Amino acid sequence: MNIMSSPERTWKTIESGPHTYKEALHPVVINNYGKWKYHEIPRPGVLKHVGESGDTLFTVRAGTPRQDTVDMVRQLCDIADRYCDGHLRFTVRNNVEFLTPNGENVEPMIRDLEAMGFPVGGAGNCVSSVSHTQGWLHCDIPATDASGVVKSMMDTLYNEFKHMEMPNKVRLSTSCCSINCGGQADIAVVVKHTRPPRINHDHLSMICELPKAVARCPVAAIRPTVVNGKRSLMVDEAKCICCGACFGACPAMEINHPEHSKFAIWVGGKNSNARSKPSTMSIVAHNLPNNPPRWPEVTDAVGRILTAYKAGGRPWERVGEWINRIGWKRFFEETGLTFDEDMIDSYRHARTTFNQSAHVRF
Amino acid sequence: MNIMSSPERTWKTIESGPHTYKEALHPVVINNYGKWKYHEIPRPGVLKHVGESGDTLFTVRAGTPRQDTVDMVRQLCDIADRYCDGHLRFTVRNNVEFLTPNGENVEPMIRDLEAMGFPVGGAGNCVSSVSHTQGWLHCDIPATDASGVVKSMMDTLYNEFKHMEMPNKVRLSTSCCSINCGGQADIAVVVKHTRPPRINHDHLSMICELPKAVARCPVAAIRPTVVNGKRSLMVDEAKCICCGACFGACPAMEINHPEHSKFAIWVGGKNSNARSKPSTMSIVAHNLPNNPPRWPEVTDAVGRILTAYKAGGRPWERVGEWINRIGWKRFFEETGLTFDEDMIDSYRHARTTFNQSAHVRF
Amino acid sequence: MEENKGASACGSHGCSHSNGGCGEKFLNPTPMLDELEKGPWPSFVSGFKTLAERTKKPMLRGVMDQLEYSYNTKMGYWKGGLVTVDGYGAGVITRYSMIKDKIPEAAEFHTMRIQPPPGLHYNTAMLRELCDIWEEYGSGMLTLHGQTGDIMLQGIDEANVQECFDKLNEKGWDLGGAGAGMRTAVSCAGPARCEQACYDNLELHLHALRHFVGQLHRPEWNYKIKFKFSGCPNDCTNAIMRSDLAVIGTWKDAIQVDEVAVKEWIEEKGVDALVNQVINLCPTRAISLEDGGMKIDTRDCVRCMHCLNAMPKALSPGKERGISLLMGGKNTLKVGVNMGSLIIPFMKMETEEDREKFMELVEEIIDWWDDNGLDHERIGETIERVGLRQFLDGVGLDVDINQVSRPRDNPYFKAKY
Amino acid sequence: MEENKGASACGSHGCSHSNGGCGEKFLNPTPMLDELEKGPWPSFVSGFKTLAERTKKPMLRGVMDQLEYSYNTKMGYWKGGLVTVDGYGAGVITRYSMIKDKIPEAAEFHTMRIQPPPGLHYNTAMLRELCDIWEEYGSGMLTLHGQTGDIMLQGIDEANVQECFDKLNEKGWDLGGAGAGMRTAVSCAGPARCEQACYDNLELHLHALRHFVGQLHRPEWNYKIKFKFSGCPNDCTNAIMRSDLAVIGTWKDAIQVDEVAVKEWIEEKGVDALVNQVINLCPTRAISLEDGGMKIDTRDCVRCMHCLNAMPKALSPGKERGISLLMGGKNTLKVGVNMGSLIIPFMKMETEEDREKFMELVEEIIDWWDDNGLDHERIGETIERVGLRQFLDGVGLDVDINQVSRPRDNPYFKAKY
Ligand code: SRM
Ligand code: SRM
Ligand code: SRM
Ligand code: SRM
Ligand code: SF4
Ligand code: SF4
Ligand code: SF4
Ligand code: SF4
Ligand code: SF4
Ligand code: SF4
Ligand code: SF4
Ligand code: SF4
C-alpha cells in the first residue's frame with residue numbers, strides 16, 4: 001500500500017464524513033423544512049412546492065453530462081448565483097436543480113440554461129437522465145464506455161427529456177459490465193459477455209489470490225490447475241455462464257473481448273413502492289453489438305420500447321406495469337423484439353418464473 | 001415378487017385400461033354431449049344444466065364417507081335406479097351425483113338420500129367434502145387416521161356443506177403424513193413431524209437399500225455409518241427437517257411418534273385458474289396435537305379460519321384471495337392464530353417469499 | 001345419518017355397539033372408533049360395522065381391531081410387500097400387519113386399485129357387478145375414489161387376488177397404477193355434463209391410458225407419472241398441482257358473448273355487481289365498462305374463466321378450442337409443492353389423429369425424462385434441475401413466452417452465438 | 001449545446017477540433033470521440049475538450065488519447081492499485097494505464113471519492129472551493145455524482161493525492177467509501193424540498209455516516225455495505241435495490257385527507273379519473289368509491305404512496321411518522337439482483353435518541369454479519385444463506401409478518417418445541 005506521508009504535512013485530518021448540509025439550504029427551504037404541503041409541475045422541468053406557511057419554492061431542473069468539468073460546474077454556479085441566491089442541488093440522476101422562491105426567475109433561468117446547452121426537463125412523466133457508470137474512462141473492468149452510450153441515447157431522447165408525454169416517469173440506466181453499477185431501471189442497457197474468460201497463465205499466479213477468484217464464480221466453474229509448473233486456474237467452459245465475476249477478482253481472467261462482449265437490454269425494473277411492489281427487470285434483447293462511437297443498435301432497441309410504451313401505457317403505469325397488463329407476448333410483438341430460449345431463466349430461482357398456471361395469451 | 005399364477009386359471013387378461021364410459025352416460029347426456037349451454041344452482045346440492053337443444057339435466061349431489069362399503073354403494077345404486085334410469089357419477093371430492101332430466105325427481109331423491117344419511121349439498125359456495133387419504137386404515141407410513149379427522153371436521157361443518165353461505169367454494173383436504181396425498185386446498189390439515197427419525201439399526205441393513213434412503217433426504221442429512229459391525233445409516237439431527245421422506249424409503253427410519261407427530265394447518269391453496277393464478281398454500285398453525293378419536297384442536301383451528309373467511313370474504317374471493325386483500329397480519333388477528341418464526345420460509349426459494357418492498361400493514 | 005341416527009336406531013347403515021338391539025355382536029368393542037359414529041356427517045365407522053356384522057368376515061373384525069388399536073397407541077401397523085397378478089408388476093398395494101400376533105385376523109389387507117371410467121360416470125349395473133365380485137373375494141370395503149382416481153378395493157388376501165382380478169377383468173375392469181410408472185388418471189365431468197368443457201377429455205383420457213397401459217402395469221421409469229384431464233382452466237381435477245401431465249382445455253379466439261343474456265344479467269344484478277364481481281376481478285383488466293355494458297379485449301384475456309363462471313349463461317369459451325399441456329405438478333417431496341407449468345400453450349384435440357399426435361409427443365417427453373431423470377425424480381423436478389430450456393430443446397418443443405411469467409432477471413447464461 | 005452548437009461555434013463549452021477557429025490545438029485528434037459532440041444532449045467530450053484546451057493539462061490529453069484508443073480497439077486499459085491518504089485505507093480509486101508506453105501522459109489517473117452533503121444540496125461557495133482545489137491538484141474532471149453518491153474527482157497523480165485531500169478536508173470535505181467497509185450514502189431531497197418526507201433523512205444520513213466514519217475510511221468487513229435514505233416509499237434513492245441498509249420513511253396511522261382538496265380534485269378531473277387512476281390502482285383495494293367520493297380503509301393500506309402521488313394536494317402521509325428498515329438490496333453478483341426486504345416495519349426517527357438507538361441496532365446487525373458472513377458476501381446474501389429467521393434470532397429482532405409476503409409453503413422445518 002502506497003501511503004503518502006510527506007513530512008511537511010501541516011493539516012491534521014478531521015474525519016468529518018459527509019459535508020454538512022445546513023449551510024447549503026436556501027433560506028426558504030430552512031423556513032419550510034419538513035413543512036411542505038404539496039407540489040405541482042407547472043411546466044416541463046419545473047416543480048413548484050408550496051409550504052404549509054404558504055411559501056412557494058420553484059425548482060428548475062436541467063440535464064448534465066454527469067462527466068463534468070470544473071468549468072461546467074462553475075457555469076452552473078453562475079446561474080445559481082444569478083437566480084437562486086447561490087443555492088442549487090443535484091438529483092440522484094445527475095440532473096442539476098436550481099431552487100428559488102421567485103417565480104419570475106424561472107423563465108430567464110430556463111433561457112440561460114438552454115443557451116448554455118443544458119436542457120431543461122427531466123421532471124414528471126418524461127424520460128429523465130440516465131444513471132450510468134465509468135466505462136473506459138476510468139473503470140478497470142469495463143467492456144464499453146457508458147458515457148458514450150448514454151450521450152448517443154439521450155440525443156435521440158432529447159425531446160422525451162424535455163416534454164412530459166410518457167404514461168409515467170421513465171428511468172434509464174447503462175452499465176459497462178454485468179455487475180451493473182448503473183442499477184436497475186425501467187429500461188437498462190447492460191454489457192453481457194458471451195464467451196468464458198481467457199486466462200493469462202503467465203500472469204495469473206503473480207497477480208491473483210487464487211482461492212478468491214475460485215470463490216467468486218457463482219457456478220463453481222473455476223478450478224485450480226498447474227500450467228508450465230506454475231499454479232494457475234482453469235475454467236470449465238461448459239459450466240461458465242460468462243458473468244465476468246472472476247475478472248473482478250483476477251485481472252488475468254480476461255473476460256472482455258472487442259467482439260464477444262455484447263449488450264443486453266432489460267426492462268421493467270422498478271424500485272418505487274407505488275402501486276405494485278418493486279420489481280426486478282427482465283432481459284428482452286441481447287447479442288447487440290458493442291459499436292462505438294454511437295451504438296445505433298442499442299439506441300434503436302431502446303427507442304422501440306419507448307415508442308410502444310408511450311403509445312400503449314395507461315396513466316401511472318410504469319414500463320413493467322404496462323407489460324404486466326398487456327402481457328409479454330404483446331410486448332415482444334409491439335416492440336419487434338424477439339423472445340428466445342436464453343431468456344428463459346435458468347438460474348437459482350428459475351422455477352419461480354415458470355408460468356405455473358393455465359393463463360395464456362394468444 | 002409373489003406373482004400368483006394358478007395353473008387352473010381360465011381367463012386371459014385383457015389389458016383394457018380404464019373402464020369404458022359411454023355405457024355409463026345417461027341418454028340425455030349422450031344427446032347433449034359437448035353441447036351444454038349453461039348451468040344454474042337452483043338450491044344447495046342441485047345443479048341444473050341446460051343444453052343448446054333446450055334439454056335439461058338435474059344433478060343432485062350428496063356427501064359420502066369415501067371409505068365406503070358394498071352395502072353403501074348398493075344403496076346409492078338403488079337411488080339411481082329409482083330416480084335416474086340407473087345413472088350416477090362421483091365427483092373428484094368423493095361426492096356422489098345423481099343425474100336426471102326429470103325435475104320432479106329432485107325433491108323425492110333429496111328426501112330419500114337424507115333419510116339414508118347422505119347429506120345433500122356440496123355444490124356452489126359451500127364447504128364441500130374433504131379430499132383425504134388412507135391413514136391408519138391402510139397406509140404404511142401414516143401418523144394419523146385421515147378419515148377420522150375428516151369425519152370429526154365435517155360433523156362441525158355439516159351445515160356449511162348443506163348451505164351456500166361462503167364467499168366462494170371452499171375445498172378442504174387432510175393428509176396423514178407430510179407427503180400430503182390429499183393435495184393442497186383452501187384449508188389443508190396435514191401431519192407435521194417434529195423430531196428426526198429414530199433408526200432401528202438392527203433392521204436397517206436387512207430391509208433398506210441404503211443409497212436410496214440417503215438420496216431421499218432433501219437436505220442431505222443422512223450418512224452411511226456402521227453400527228455393531230453392520231452397515232447402517234445415521235442422521236445429522238441438526239440438519240434434519242423432520243420431513244419423513246426417508247421413512248418412505250426405509251421403514252427402519254421410524255419418523256412416526258405418538259406424541260411428536262403433530263398437525264399443521266395450511267391455507268390459501270388454489271388450483272383453479274379463475275382470476276388469480278393458482279397458488280400454493282401457506283402454513284398458519286402447527287404443533288397441534290394428534291388427538292384421536294375427535295381431534296378437537298384441528299377442528300377448532302379450521303373453524304376459526306372459516307368463520308373469519310365467511311364474515312370477511314367478498315363474492316368470488318377464495319380463501320387465499322381474501323387473505324391477499326386483507327393481508328396476513330389481519331388474517332392472523334381475525335383467526336386468533338399466531339404467526340411465528342418457523343413460518344418464515346427457509347427452504348430453497350425462501351428469498352422469493354421475503355417482503356421485498358416497503359409495503360407494510362399496521 | 002342424521003344427528004340422532006347413530007345414537008338410537010339400528011339402521012342398515014348406522015348400527016352401533018353401544019345401543020344394543022342387534023343381539024350378539026360379531027365385532028369386538030371399539031370404543032374409540034365408536035366416537036366417530038356420533039355427529040351428522042356419514043360415518044365410515046358405522047358403515048364398516050354394518051358390513052362386518054352382515055358379512056361376518058373375520059378380516060373386517062381384524063381391521064377394526066387394528067384401527068382401534070392405532071387410535072389408542074397413535075401409531076400405524078401396516079408394512080408393505082409385493083403382490084401382483086399374472087403379467088403385471090403393479091396395481092395391488094400390499095399390506096401385512098405388524099401386529100398379527102396380537103390381531104391375526106387382518107394379517108393381510110391388500111388393496112386392489114381399479115381404474116374407473118373417465119369422468120367417474122357409472123351405471124348401476126357396472127357398480128353392482130363390481131360390488132358383487134368384491135364381496136365374494138374381498139372385504140367389501142372400498143373407496144370411491146382414491147385421490148389419483150382409482151376405485152380402491154381395500155382388504156383382500158394374497159390368495160384371492162388373482163381370481164378376483166380375473167373376475168373383474170372379465171367385466172371390463174383393469175388394475176390401476178402404482179410404482180414407478182404411468183398412473184391412473186382423473187377426468188372432470190367434461191362434455192358429458194359441463195358447458196365449459198373445451199375438449200373431449202373423457203375420450204382423451206381413455207385413449208391415453210390405453211396407450212400407456214403397458215407402462216402402467218409394468219412400471220419401469222424413474223418414478224411415477226400422472227395424467228389429469230380438466231375440461232377447462234377451472235381445473236376441477238386439480239391437474240395443475242396433482243399431475244405431471246395436466247391436460248387443460250382452453251380456447252384461442254374470443255369468448256362467445258350472448259349479448260341478450262349479458263343485458264339480462266346486468267338488469268338482474270346491477271352495474272355495481274358487474275363492476276365489482278366481474279370487471280374488477282379480471283386478472284388482466286381485459287374487461288372494461290362501456291356504456292353500462294361490458295367489453296372484453298380478447299388480446300388481454302388470459303383464459304382464466306372468471307367472467308365465464310360469473311356469467312355462465314351469457315359467456316362461453318370461444319370456438320377454436322383445444323388443450324394446454326402443463327407439466328411438472330406434484331406434491332411436497334424434496335422440492336416442495338410444485339405447480340405444473342405451461343409447456344404447450346395450445347393444441348387442437350378433436351380427432352383421433354390429434355389424440356395420436358399428442359400421444360407421440362407424450363412418448364417423446366417421457367423418453368427424455370427416462371434418459372435425463374434420476375431415480376425417484378418426478379418429471380417436474382427433472383425439468384427444474386436440468387433446465388426448462390434444455391427440456392424444450394431435448395424434446396424438440398418450441399420456445400414460447402407463455403411458458404414463463406417473465407423473462408429472466410439475471411445475466412447468468414451463455415448463449416449459443 | 002443545441003443541435004448546431006458543436007458543429008459551428010467555438011463556445012466555451014462546445015469547442016471542437018473539426019471546426020478550427022481555436023488556432024493551434026493542444027489535444028491530439030480524437031475522431032471517434034468527436035462523434036459524441038454531435039446531437040443535442042450535452043456532450044461530455046465537448047466538456048473535456050474545453051477543459052483540456054483551457055488548462056493544457058497533459059493528463060487530460062493522455063486520458064482523451066486513451067479513451068479514443070479504447071473506442072477504436074473496444075477494450076479498456078486501466079488497472080487497479082492502491083493509493084490512499086494518511087491513516088485511511090480507502091477512498092481513492094487507483095488507476096494505472098496498461099498502455100503507458102503508448103500513451104504516457106495518463107500513466108496515473110486516480111479518482112478521489114468525496115462525500116457530498118446529504119440530499120446533494122449545495123451552495124455555490126462550497127462548489128467553487130471544491131472546483132478550485134480540484135483544478136489545482138487534479139485534472140479538473142469530475143462526476144456529479146457517482147451512483148453511490150460520491151462526488152468523484154477523476155484524474156490525479158499519486159503525488160498530489162495527500163495534499164489535495166488536506167486542502168479539501170480543511171474545507172469540510174472528506175473521502176468517501178471504497179472496499180469492504182461502510183460506503184458513502186445517498187439521500188433524496190427529503191424534508192428540505194419534499195412534502196412526502198416522513199423523517200429527517202438528511203440528519204439521519206449525516207449522523208449515520210459520521211457514526212461509521214471509521215469503518216468507511218478503514219474497511220475491515222466481509223464486503224461493502226451501503227446506506228440509502230429515502231424520505232418515503234417512493235424511494236427516490238433506489239434504496240431498496242441499491243443499498244444493504246435501505247432506510248425508507250413511512251407512517252403508521254391514517255393518511256391525512258384534506259376533504260376540500262379531494263372535492264376540488266374530483267371536480268377538476270372527474271369521477272372516471274378517480275376510479276381509473278386512483279381507486280383501481282391501489283394495490284390492496286383499500287380505497288372504495290363512496291357517493292362519488294373516496295374512502296380509504298386504513299387497515300388495508302400498505303403505504304405504497306400511489307394515492308398520495310396522484311393527489312398530492314389532497315392526501316398526505318399520516319402524523320405518526322418514522323422509518324422502515326429494508327435490508328439486503330444489491331446488484332447482480334452471484335445471487336442475481338436482490339431487492340432489500342423489510343426487516344423493521346416501523347421505528348420512530350425524530351430525536352437524537354431515536355437516531356442513536358438506530359445506530360446501536362445497525363451496529364448489532366453489522367456485528368452479526370461480520371461473524372456470520374463469508375468473504376465478498378453482502379449482508380443480503382448472508383441472510384439468504386443463513387436464513388431470515390436465524391438472522392432475526394441472531395440480532396435479537398422480533399419476528400413480524402410484515403417481513404414476508406406469505407408464510408412458508410413447505411413443511412421443511414424443525415421447530416424448537
Ligand atoms: C429529485 C428526486 C430526488 C432527489 O433527491 O434527487 C426526485 C424528486 C421527486 N420525486 Fe422521485 N425523485 C427522484 C428520483 C426518483 C427515483 C430514483 C431514480 O430516478 O433513479 C425513483 C424510483 C424509480 C423507480 O421506481 O425505479 C423515484 C420515484 C418517484 C415516484 C414513484 C413513481 C412511480 O409511480 O413508480 C414519485 C411519485 C410521482 O411520480 O408522483 C416520485 C415523486 C417525486 C416528487 C414529485 C416528490 C415531491 O413531491 O417533491 C419529486 C419531483 C418528481 C419529478 O421529478 O417529477 N418519485 N424518484 C430524483 C429526481 C431524479 C431525476 O433527476 O430524474
Ligand atoms: C463509480 C461507480 C459507477 C459510477 O460511475 O457511478 C462504480 C464503479 C465501480 N464499481 Fe460499482 N460503482 C458505483 C456504484 C455501484 C452501485 C450503485 C449504487 O451504489 O447505488 C452498485 C449496485 C448496488 C450494489 O451495491 O450492489 C454497484 C455494484 C458494484 C459491484 C457488485 C456488487 C454486488 O454484490 O453485486 C461491484 C463488484 C465488487 O464490489 O466486487 C462493483 C465494483 C465497482 C468497481 C470498484 C470495479 C472494480 O471492482 O474494480 C468500479 C470502479 C470504477 C472506477 O474506476 O471508479 N460495483 N456499484 C459507482 C460508485 C460511485 C460512487 O462512489 O458514488
Ligand atoms: C363435479 C366437479 C367435477 C367432477 O368431475 O368431479 C365440479 C363441477 C363443477 N365445477 Fe368445479 N367441480 C369439481 C371440483 C373442482 C375443483 C377440484 C376440487 O374440488 O378438488 C376445483 C379446483 C379447486 C381449487 O382451485 O383448488 C374446481 C373449481 C371450479 C371453479 C373455480 C372456482 C374458483 O373461483 O376458484 C368453478 C367456477 C365456479 O365456481 O363457477 C367450478 C365450476 C364447476 C361447475 C359449475 C362447472 C359446470 O358448469 O358444470 C360444476 C358445478 C360446480 C359446483 O359444485 O358448484 N369449479 N372444481 C367437482 C366437484 C367437487 C365436489 O364434489 O365438491
Ligand atoms: C391411496 C392414496 C391416498 C388416498 O387415500 O386417496 C395414496 C396413498 C399413498 N401414496 Fe400418494 N396416494 C394417493 C394419491 C396421491 C396424490 C394425489 C393425486 O394423485 O391426485 C399425491 C399428490 C400428487 C403427486 O403425485 O405428487 C400423492 C403423493 C404421494 C407421494 C409424493 C410424491 C412427491 O413426489 O412428492 C408419495 C411418495 C412416493 O411416491 O414415494 C406417495 C406415496 C403413497 C403411498 C404409496 C405411501 C408409500 O410410499 O408407501 C400410499 C399408499 C397408501 C395405501 O396404503 O394405499 N403419494 N399421492 C392415493 C392414491 C389412490 C388412487 O390410486 O386413486
Ligand atoms: S458497471 Fe462494471 S465496468 Fe462499469 S463501472 Fe461498474 S464495475 Fe466498472
Ligand atoms: S465468467 Fe463467471 S461463470 Fe465464467 S468462470 Fe468467471 S466467474 Fe465463473
Ligand atoms: S398422506 Fe402419507 S400417510 Fe397418508 S396415504 Fe399418503 S403417503 Fe400414506
Ligand atoms: S426426516 Fe427428512 S430431513 Fe430428516 S433425515 Fe429423514 S429425509 Fe432427511
Ligand atoms: S374443469 Fe371445466 S369443464 Fe371440467 S367440470 Fe370443471 S368447469 Fe367443467
Ligand atoms: S376469462 Fe378471465 S382473463 Fe379472460 S376476460 Fe374473462 S376474467 Fe378476464
Ligand atoms: S423519496 Fe419520498 S420524500 Fe424523498 S424525494 Fe422522493 S417522494 Fe420526496
Ligand atoms: S397509499 Fe397505496 S395502499 Fe395506501 S390507500 Fe393509497 S394507494 Fe392504497
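Remember, it's a predicted structure, so these values are computed and weren't measured experimentally. (Residues numbered from 1 in each chain as written. Chains lettered and ligands numbered in written order. Predicted model: local features only at pLDDT ≥ 70, side-chain atom pairs only at ≥ 80, totals over all residues. Heavy atoms only, no water.)

1. Quick notes on helix 9 (residues 319-326) of chain A
Residue and element names in this part refer to chain A. A large share of helix 9 lies buried, amounting to 7 of its 8 residues. The set of residues buried in helix 9 consists of Val319, Gly320, Glu321, Trp322, Ile323, Arg325 and Ile326. Taken from the residues just after helix 9, Gly327 is the one with a positive phi, measuring 95°. (Buried < 20%, exposed > 50% of the residue type's maximum accessible area, 1.4 Å probe, protein only. Helix = DSSP H or I, 4+ residues; strand = E, 2+ residues; numbered from the N terminus.)

2. Observations concerning the confidence of the model for chain C
Residues and elements named next belong to chain C. Averaged over every residue, the pLDDT of chain C is 94; the share at 70 or more is 94%. With pLDDT under 50 throughout, residues 1-21 is counted as low confidence; its partners more than four residues away or in other chains account for 50 contacts. With pTM at 0.95, the complex prediction returns an ipTM value of 0.94. (pLDDT = per-residue confidence, 0-100. Contact = heavy atoms within 4.5 Å.)

3. Here we look at the interface of chain D and chain A
Listed by partner, the interface residues are 132 residues for chain D and 126 residues for chain A. The contact between chain D and chain A buries some 11100 Å² in all, and 57% of this surface belongs to carbon and sulfur atoms. When the area that chain D buries against chain A is broken down by residue, the three leading residues are Trp41, Lys74 and Arg193 of chain D, summing to 9%. Here chain D and chain A share 14 salt bridges between them. Note that Arg128 of chain D and Asp78 of chain A form a salt bridge whose closest N and O atoms lie 3.0 Å from each other. Here chain D is connected to chain A by 67 residue pairs in polar contact (both at pLDDT 80 or more). Considering each element in turn, the side of chain D that touches chain A owes the most residues, 8 residues, to helix 5 (residues 124-137) of chain D. (Buried area = accessible area lost by both parts, 1.4 Å probe. Salt bridge = Lys/Arg side-chain N within 4 Å of Asp/Glu carboxyl O. Polar contact = N/O pair within 3.5 Å; in protein donor to acceptor, adjacent residues only side chain to side chain.)

4. Overview of the site of ligand 1
In the region of ligand 1, 35 residues are neighbours, and Arg61, Arg89, Arg93 and Ser128 of chain A together with Cys236 of chain D sit closest. In the environment of ligand 1, an oxygen atom lies 2.7 Å from a nitrogen or oxygen atom belonging to the side chain of Asn95 of chain A. Taken together, the residues that form the shell around ligand 1 break down as 10 nonpolar, 13 polar and 12 charged. (Near = heavy atom within 4 Å. Nonpolar A, V, L, I, M, F, W, Y, C, P; charged D, E, K, R; others polar.)

5. Remarks on the coordination of the iron atom of ligand 4
Among all protein atoms, only Cys181 of chain B (SG) binds the iron atom of ligand 4, sitting 2.3 Å from it. By the element assignment, Cys181 of chain B lies in the loop between strand 9 (170-175) and strand 10 (187-193). (Donors = N, O, S within 2.8 Å, 3.2 Å for Na, K, Ca; no water.)

6. With respect to the state of the cysteines
Residues and elements named next belong to chain A. Enumeration over the complete set of coordinates arrives at 2 disulfides over all chains. The partner cysteine of Cys208 in its disulfide is Cys250, sulfur to sulfur 2.1 Å. On the sign convention where negative means left-handed, the S-S torsion of about 90° between Cys208 and Cys250 marks this disulfide as right-handed. Placement of Cys208 in the loop between helix 5 (201-207) and helix 6 (210-216) and of Cys250 in the loop between helix 7 (245-249) and strand 14 (253-254) is noted, with a sequence separation of 42 residues between them. The same class applies to Cys208 as to Cys250, namely buried. (Disulfide = S-S within 2.5 Å.)

7. Topic: the interface of chain C and chain A
On the chain A side, the residues contacting the 50 residues of chain C number 47 residues. Of the roughly 4700 Å² buried at the junction of chain C and chain A (both faces included), carbon and sulfur atoms supply 56%. Summed over the three residues of chain C that lose the most area to chain A, namely Arg408, Tyr412 and Tyr417 of chain C, the buried surface amounts to 17% of that side. The tally of links between chain C and chain A comes to 8 salt bridges. Glu341 of chain A is the salt-bridge partner of Lys416 of chain C, the closest N and O atoms lying 3.5 Å from each other. Counting every contact that joins chain C to chain A gives 33 residue pairs in polar contact (both at pLDDT 80 or more). Residue assignment for the side of chain C that touches chain A shows that the elements contributing at least two residues are strand 11 (245-251), strand 17 (341-347) and helix 15 (388-395) of chain C. Across the side of chain C that touches chain A, the residue classes tally to 26 nonpolar, 10 polar and 14 charged.

8. Observations concerning the site of ligand 9
Around ligand 9, the surrounding shell consists of Cys188, Cys194, Gln196, Ala197, Gly231, Cys232, Asn234, Asp235 and Cys236 of chain C. For the shell around ligand 9, the residue count by class is 5 nonpolar, 3 polar and 1 charged.

9. Brief notes about the nonpolar core
Judged by nonpolar contacts, the single largest core of 171 residues is most densely connected at Ile265 of chain A, Phe227, Phe358 and Phe391 of chain C together with Met112 of chain D. Once you skip the residues sitting within four places of it in the chain, Phe358 of chain C turns out to touch Leu204, Phe227, Val247, Ile323, Leu325, Met347 and Met349 of chain C. Residues Leu113 of chain B, Ala52 and Met59 of chain C together with Ala185 of chain D belong to the second largest nonpolar core, which totals 170 residues. (Core = buried A, V, L, I, M, F, W, Y, C linked by side-chain atoms within 4.5 Å.)

10. Thoughts on the pairing of strand 14 (residues 293-296) of chain C
Residue and element names in this part refer to chain C. Sheet topology note: the strand 13 (residues 287-290)/strand 14 ladder contains 4 bridges and is antiparallel. Residue pairing for strand 14: Ser288 is matched across the bridge by Lys295. Counted between consecutive antiparallel strands, the loop separating strand 13 from strand 14 contains 2 residues, among which Asp291 sits at a positive phi close to 50°. (Pairing = 2+ DSSP bridges.)

11. Concerning the packing of helix 13 (residues 352-372) of chain C against helix 15 of chain C
Helix packing geometry: the angle between the two helix axes and the distance between the axes. All names here are of chain C. Packing of helix 13 against helix 15 leaves a shortest axis separation of 9 Å and a crossing angle of 125°. With respect to their mutual orientation, helix 13 and helix 15 come out oblique. Helix-helix and strand crossings are classified by hand; for helix 13 and helix 15 the assignment is right-handed. Residue-level contacts link Leu361, Glu364, Ile365 and Trp368 of helix 13 to Gln390, Phe391, Gly394 and Val395 of helix 15. Along the lines of polarity and charge, the residues of the contact of helix 13 with helix 15 split into 5 nonpolar, 2 polar and 1 charged. (Axes fitted to C-alpha atoms, helices over the stretch in contact; angles between N-to-C directions. Parallel < 35°, antiparallel > 145°, perpendicular 65-115°, else oblique. Left-handed = near helix turned anticlockwise from the far one by under 90°.)

12. Observations regarding the domain arrangement of chain A
Parsing chain A into structural domains produces domain 1 (23-116), domain 2 (127-194 + 258-343) and domain 3 (198-254). When each unit is reduced to the centre of its C-alpha atoms, the spacing between domain 1 of chain A and domain 3 of chain A is 50 Å. (Domains from an automatic or database assignment.)

13. Thoughts on the side chain of His19 of chain A
Tracing the backbone shows His19 of chain A in the loop between strand 1 (2-3) and helix 1 (27-31). Side-chain polar atoms of His19 of chain A contact the backbone oxygen of Lys171 of chain D, separated by 3.3 Å.

14. Some details on the domain arrangement of chain C
Residues and elements named next belong to chain C. Segmenting chain C into domains produces domain 1 (2-7 + 26-73), domain 2 (78-170), domain 3 (186-252 + 321-403) and domain 4 (256-316). If you average the C-alpha positions of domain 3 and of domain 4, the two centres end up 31 Å apart. Across the domain 3/domain 4 interface, buried area totals approximately 740 Å², and carbon plus sulfur atoms make up 50% of it. In this structure, the connection of domain 3 to domain 4 is made through 0 salt bridges. At the junction of domain 3 with domain 4, the criterion picks out 3 residue pairs in polar contact (both at pLDDT 80 or more). Considered class by class, the residues forming the side of domain 3 that touches domain 4 number 3 nonpolar, 3 polar and 3 charged.

15. Structural notes on a negative patch on the surface
All names here are of chain C. On the surface, a cluster of negative charge is made up of Glu220, Glu353, Glu356, Glu360, Glu364, Asp367, Asp370 and Asp371. With respect to the helices, strands and loops of the structure, Asp367 is situated in helix 13. Residue Asp367 is classed as partly exposed on the basis of its relative accessible area of 45%. (Patch = residues over 30% accessible without salt bridge, like charges linked within 9 Å, V, L, I, M, F, W, Y side chains within 5 Å. Areas by Shrake-Rupley, 256 points an atom, 1.4 Å probe, with all protein chains shown as cover. Lys, Arg positive; Asp, Glu negative; His and termini not counted. Charge placed at Lys NZ, Arg CZ, Asp CG, Glu CD.)

16. Points about the sheet that holds strand 8 (residues 151-154) of chain C
Strands sit in the order 5(B)-7(C)-8(C)-5(C)-3(C) across an open sheet of 5 strands; the sheet is antiparallel. Looking at which strands have only one partner, the edges of the open sheet turn out to be strand 5 (67-69) of chain B together with strand 3 (92-93) of chain C. Both strand 7 (residues 141-144) of chain C and strand 8 of chain C contribute to a ladder of 4 bridges, which runs antiparallel. If you follow Thr143 of chain C over to strand 8 of chain C, its bridge partner there is Met152 of chain C.

17. A short note on the packing of helix 8 (residues 296-312) of chain A against helix 9 of chain A
All names here are of chain A. The N-to-C vectors of helix 8 and helix 9 enclose an angle of 70°; their axes lie 11 Å apart at closest approach. With respect to each other, helix 8 and helix 9 are oriented roughly perpendicular. Across the interface between the two elements, Ile305, Ala308, Tyr309 and Gly312 from helix 8 touch Val319, Trp322 and Arg325 from helix 9.

18. Brief notes about helix 5 of chain D
Residues and elements named next belong to chain D. Given a rise of 1.5 Å per residue, 14 residues ought to cover 20 Å, and the 20 Å separating the end C-alpha atoms of helix 5 matches this to within 8%. What helix 5 keeps buried is the set Thr124, Met126, Leu127, Leu130, Cys131, Ile133, Trp134, Glu135 and Tyr137. A side-chain oxygen of the first residue of helix 5 lies 3.2 Å from the backbone nitrogen of Ala125; this N-cap is Asn123. (Expected span 1.5 Å × (residues − 1).)

19. Structural notes on the packing of aromatic side chains
The geometry of an aromatic ring pair comes down to the distance between the two centres and the angle between the two planes. Counted by the stated rule, this structure contains 46 aromatic pairs over all chains. With a centroid separation of 5.7 Å and 80° between ring planes, the pair formed by Phe362 of chain B and Phe346 of chain D is classed as edge-to-face. Of the two residues, Phe362 of chain B sits in the segment after helix 11 (328-335) while Phe346 of chain D sits in strand 17 (residues 341-347), which places them in two different chains. Take Phe346 of chain D: its relative accessible area is 16%, and that puts it in the buried class. Note on Phe212 of chain C and Phe227 of chain C: the rings are 6.3 Å apart at their centroids and 45° apart in plane angle, and the pair reads as tilted. Here Phe212 of chain C, found in the loop between helix 7 (201-211) and helix 8 (213-217), pairs with Phe227 of chain C, found in strand 10 (residues 227-230); they are 15 residues apart in sequence, far enough to count as distant. (Phe/Tyr/Trp six-rings, centres within 6.5 Å; stacked < 30°, edge-to-face > 60°.)

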